[in-house]
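Residue-level structural notes
These are the residues of each chain, in order.
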Amino acid sequence: MSARLEVEILTLFPRMCEGYLAESILGKAREAGLVSVTVSDVREHARGKHRVADDAPYGGGAGMVMKPEPLTEAIEAARSRLPGALVVMTSPRGQALDQALARRLSAHGKLVLVCGRYEGVDERVLAAVDMEVSIGDFVLTGGELAALCVVDAAARLVPGVLGNEASAGAESFAGEETFLEYPQYTRPPEFRGMKVPEVLLSGDHRRIERWRRRESLRVTRERRPDLFARARLTETDLRLIDAGDDEL
Ligand code: ADE
């Protein structure tokens with residue numbers, strides 16, 4: 001059976017990606033066959049003895065531009081290996097990656113992620129691309145980290161990847177895209193004079209749930225007023241948000 005999420009990354013620097021993909025949750029998901037990720041070297045499609053993949057920009061200016069032929073051919077080859085795949089180019093001018101987009105990409109099931117490099121990519125490559133995605137309003141030296149962000153965010157939504165099925169469920173219940181996470185603690189109960197909130201030691205699961213919800217709401221209101229303004233709050237939320245610990 002094929003994996004629930006199949007990804008092919010096209011890059012000039014495969015080794016930049018491989019380490020990240022081999023470790024931890026992603027590495028395990030790949031071993032378990034839940035997610036498949038292959039990394040292909042765009043240079044294999046570059047011509048000549050030196051396999052040149054970039055060239056100076058028409059019109060002048062600093063830096064180099066990725067040539068259209070190798071990248072377009074690499075995309076076509078990937079499309080034939082992964083029929084029906086969505087071809088996504090990482091670029092600062094793409095659609096902003098957020099949790100909703102991560103869900104869409106994950107649900108699509110087949111992705112080809114094209115990493116740009118140097119100062120840019122010949123505009124004509126876009127004819128072979130379905131969409132561009134940005135991971136934020138800053139500029140990286142290349143698209144590899146952005147592609148890894150897409151793989152990571154999409155892979156953890158595949159059922160079974162997080163191991164504990166409750167994690168994915170609990171977090172969509174907590175409205176992952178609407179609210180920030182509540183604070184987490186582990187042992188010891190006191191570290192350098194800082195105590196774990198008493199509620200979390202109480203064993204009272206309903207109270208713990210209310211505490212976490214309240215903290216989530218508070219952290220979001222404080223740090224991301226934009227998210228908070230968009231969130232739909234329940235009656236319980238409105239009551240909780242200004243409650244003291246003894247009122248939970
Ligand atoms: N490549 C360079 N900068 C990037 C960004 N912010 N997002 C996606 N791809 C990029």
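Numbers given for residues are sequential positions, taken from 1 along each chain in its written order. In view of the model being predicted, local features appear only for residues whose pLDDT reaches at least 70, and side-chain atom pairs are presented and counted only at 80 or more, with totals across whole chains, interfaces and linings using the full set of residues. Here the side-chain values reflect all heavy atoms present in the structure, with hydrogen atoms and water set aside.

Going along the chain from the N terminus, every DSSP run of H or I of four or more residues is numbered as a helix, and every run of E of two or more is numbered as a strand. Within the chain, the secondary structure is distributed over 10 helices and 10 strands. Both definitions apply: the radius of gyration is a C-alpha atom measure, and the globule rule equals 2.2 Å times residues to the power 0.38. The C-alpha atoms of the chain give a radius of gyration of 22 Å, which is well past the 18 Å a tight globule of 248 residues would have. For the C-alpha atoms alone, the extent of the chain along its principal axes is close to 75 × 45 × 35 Å. Using a 1.4 Å probe on the protein chains alone, a residue whose accessible area is under 20% of its type maximum counts as buried, one over 50% counts as exposed, and one in between counts as partly exposed. Considering the chain as a whole, with its 248 residues, one finds that 41% of them fall into the buried category. It only takes one pair of heavy atoms within 4.5 Å for two residues to be counted as in contact. Here the contacts in the chain between residues at least 6 apart in sequence split such that 76% fall between residues at least 24 apart. Computed by Shrake-Rupley with a 1.4 Å probe, the accessible areas treat only the displayed protein chains as cover when residues are assessed. In the structure as shown, the chain presents an accessible area of about 14600 Å², 52% of it carried by carbon and sulfur atoms. We treat Lys and Arg as the positive residues and Asp and Glu as the negative residues; His and chain ends play no part in the count. To locate a charge, take atom NZ for lysine, CZ for arginine, CG for aspartate or CD for glutamate. Placing the 34 positive and 39 negative side-chain charges of the chain at their respective mean positions leaves the two points 2 Å apart.

As far as domains go, the chain holds domain 1 (5-155) and domain 2 (177-247). Here the limits of each domain have been adopted from an automatic or database domain assignment. The C-alpha centroid of domain 2 is placed 38 Å from the C-alpha centroid of domain 1.

Looking now at the site of the ligand. The environment of the ligand is formed by Thr90, Ser91, Pro92, Val133, Ser134, Ile135, Gly136, Phe138, Val139, Leu140, Gly142 and Ala146. Polar contacts, as used here, are pairs of N or O atoms within 3.5 Å; protein pairs need one atom able to donate a hydrogen and one able to accept it. Residues neighboring in sequence count only if both atoms are side-chain atoms. A distance of 3.1 Å is found between a nitrogen atom of the ligand and a backbone nitrogen or oxygen belonging to Ser91. Backbone polar atom of Ile135 to a nitrogen atom of the ligand: 3.0 Å apart, as the coordinates give it. Protein burial of the ligand: of its 260 Å² of free accessible surface, 96% is covered by the chains. For the shell around the ligand, the secondary-structure elements that each account for two or more residues are strand E5 (86-96) and strand E8 (131-134). No other element matches the three residues that E5 contributes to the shell around the ligand. Residues are grouped as follows: Ala, Val, Leu, Ile, Met, Phe, Trp, Tyr, Cys and Pro are nonpolar; Asp, Glu, Lys and Arg are charged; every other residue, Gly included, is polar. Here the residues of the shell around the ligand are counted per class, giving seven nonpolar, five polar and no charged. In these notes, residues near a molecule or strand are those with any non-hydrogen atom within 4 Å of it.

Before going further, it helps to spend a moment on the sheet that holds strand E7 (residues 120-121). Pairing between sheet strands relies on hydrogen bonds along the backbone, with the strands arranged either parallel or antiparallel. Within the open sheet, the three strands sit side by side as E3-E4-E7. Their pairing is mixed. The strands lining the two open edges of the sheet, one partner per strand, are strand E3 (54-55) and E7. Strand pairing is assigned whenever DSSP identifies at least 2 bridges connecting the two strands. Note: strand E4 (residues 65-66) against E7, two bridges, orientation parallel. Bridge pairing in E7 places Met66 opposite Val121.

Structurally, Ala53 is set in the loop between strand E2 (35-41) and E3. On the basis of relative accessible area, Ala53 is assigned to the buried category, the value being 2%. With 18 residues separating them in the primary sequence, Ala53 and Leu71 have C-alpha atoms 8.1 Å apart. Not counting the four nearest positions on each side in its chain, Ala53 is found in contact with Leu12, Arg43, Ala46, Val65, Met66 and Lys67.

Take the packing of helix H1 (residues 14-22) against helix H5 (residues 144-155) next. Relative to each other, H1 and H5 sit at 25 degrees, their axes nearing to 10 Å. It follows from the interaxial angle that H1 and H5 lie roughly parallel. Both H1 and H5 take part in a crossing whose hand is right-handed. Between H1 and H5, the contacting residues are Met16, Cys17, Tyr20 and Leu21 on the first element and Glu144, Leu148, Val151 and Asp152 on the second. The residue makeup of the contact of H1 with H5, split by class, is six nonpolar, no polar and two charged. Axis angles are defined between N-to-C directions and span 0 to 180 degrees, where every axis is a line fitted to C-alpha atoms and, for a helix, only to the segment in contact. Just so you know how the angles are binned, under 35 degrees is roughly parallel, over 145 roughly antiparallel, 65 to 115 roughly perpendicular, and the rest oblique. Two helices cross in a left-handed way if the nearer one is turned anticlockwise from the farther one by less than a right angle. They cross in a right-handed way if the turn is clockwise.

Before going further, it helps to spend a moment on the packing of H1 against helix H2 (residues 24-31). Put simply, H1 and H2 touch, their axes get as near as 5 Å, and they point 85 degrees apart. Here H1 is positioned roughly perpendicular relative to H2, judged by the angle of their axes. Residues Tyr20, Leu21 and Ala22 of H1 form the contact with H2, whose participating residues are Ser24, Leu26, Gly27 and Arg30. Residue composition of the contact of H1 with H2, grouped by class: four nonpolar, two polar and one charged.

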